[in-house]
Amino acid sequence: MASLSGLASALESYRGRDRLEEDAFVRCVSVLGNLADQLYYPCEHVAWAADARVLHVDSSRWWTLSTTLWALSLLLGVARSLWMLLKLRQRLRSPTAPFTSPLPRGKRRAMEAQMQSEALSLLSNLADLANAVHWLPRGVLWAGRFPPWLVGLMGTISSILSMYQAARAGGQAEATTP
């Protein structure tokens, strides 16, 4: 059921997106990321159930699949954030055409805030991606090579960035509510 509610939430989030998100690349990456997220949860549940001996299947394959889906979702998030940063930067730095006014101050601030949010998402996704690769089977990039303190550091960095973004978004929502 959690996966169905997550899917409904993901579909609902596509309503009212910013104009920048009308970009075909961003739409495609977002849809693929949501698909990876939605497939991740059932795979993780099967792996857990296999470890708990509720299901009689090889849990290692399911853990590998769920971790691969997690890494794919993060990689797509990294690609999305990089693309958004590039597009926002281009919009902020584009020379104004003759007889047009520069970006209004409020619009410029909103775009700068969105750039900061994308940069924080990028850093958070990179920290999580480093850990996701670490948990893949040995032989895949740096899988299994991180010392425990580095795994903890990457998770802590990601968590702090996510909490900061959530607090910032909450503060911005309160500031705009009459």
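What you see is a predicted model, and the numbers here were worked out from it, not measured in a lab.

> How do you make sense of the packing of aromatic side chains when you look at a structure like this?
Throughout the structure, instances matching the rule amount to 3 aromatic pairs. Ring centres of Tyr40 and Tyr41 lie 5.1 Å apart, and the angle between their planes is 80 degrees; on these two criteria the pair is classed as edge-to-face. Residue class for Tyr41 comes out partly exposed when judged on its relative accessible area of 41%.

> Before we go on, may I ask you to explain the side chain of Ser59 in this structure?
Looking at where Ser59 falls in the secondary structure, it is placed in helix 3 (residues 59–93). Taking relative accessible area as the criterion, Ser59 reaches 16% and is therefore assigned buried. A polar side-chain atom of Ser59 sits 2.6 Å from a polar atom in the side chain of Asp51. Beyond its immediate stretch of four places on either side in the chain, Ser59 contacts Ala47, Ala50 and Asp51.

> Please explain the nonpolar core as it appears in this structure.
Considering soluble globular proteins, one finds that nonpolar side chains tend to be buried as a cluster. By size, the foremost hydrophobic cluster in this structure holds 6 residues: Ala127, Ala130, Phe146, Leu150, Val151 and Met154. Looking at this core, the elements that each hand over two or more residues are helix 4 (105–134) and helix 5 (148–176). Element by element, the count of residues in this core is highest for helix 5, at 3 residues. Those residues in contact with Val151 that lie beyond four places of it in its chain are Asn131, His134, Trp135 and Phe146. If you look at the next biggest cluster of nonpolar residues, it comprises 5 residues, including Leu74, Leu129, Ala132 and Val133.

> Explain a nonpolar patch on the surface here, please?
A contiguous nonpolar patch, built from Trp48, Val54, Leu55, Val57 and Trp63 and spanning about 490 Å² of accessible area, is present on the exposed surface. One can find Trp48 in helix 2 (residues 24–51). The class of Trp48 is exposed, set by a relative accessible area of 57%.

> Got a minute to help me understand unusual backbone geometry in this structure?
Trans peptide bonds make up the majority, and among non-glycine residues the majority have a negative phi. Of note, the phi angle at Arg53 is positive, near 65 degrees, even though the residue is not glycine. Here Arg53 lies in the loop between helix 2 and helix 3. Residue classification places Arg53 among the exposed positions, given a relative accessible area of 68%. Even without being a glycine, Leu141 presents a positive backbone phi close to 45 degrees. Turning to its location among the elements, Leu141 is positioned in the loop between helix 4 and helix 5. On the accessibility criterion, Leu141 (60% relative accessible area) is exposed.

> How do you make sense of the pattern of salt bridges when you look at a structure like this?
Pairing is possible between side chains of opposite charge, provided their charged atoms come close. This structure, assessed with the given rule, holds 3 salt bridges. Residue Asp58 pairs with Arg61 through a salt bridge whose shortest N-O separation is 3.6 Å. The class for Asp58 is partly exposed, based on a relative accessible area of 40%.

Criteria and thresholds
- Residues numbered from 1 in each chain as written.
- Predicted model: local features only at pLDDT ≥ 70, side-chain atom pairs only at ≥ 80, totals over all residues.
- Heavy atoms only, no water.
- Phe/Tyr/Trp six-rings, centres within 6.5 Å; stacked < 30°, edge-to-face > 60°.
- Buried < 20%, exposed > 50% of the residue type's maximum accessible area, 1.4 Å probe, protein only.
- Helix = DSSP H or I, 4+ residues; strand = E, 2+ residues; numbered from the N terminus.
- Polar contact = N/O pair within 3.5 Å; in protein donor to acceptor, adjacent residues only side chain to side chain.
- Contact = heavy atoms within 4.5 Å.
- Core = buried A, V, L, I, M, F, W, Y, C linked by side-chain atoms within 4.5 Å.
- Patch = residues over 30% accessible without salt bridge, like charges linked within 9 Å, V, L, I, M, F, W, Y side chains within 5 Å.
- Areas by Shrake-Rupley, 256 points an atom, 1.4 Å probe, with all protein chains shown as cover.
- Salt bridge = Lys/Arg side-chain N within 4 Å of Asp/Glu carboxyl O.

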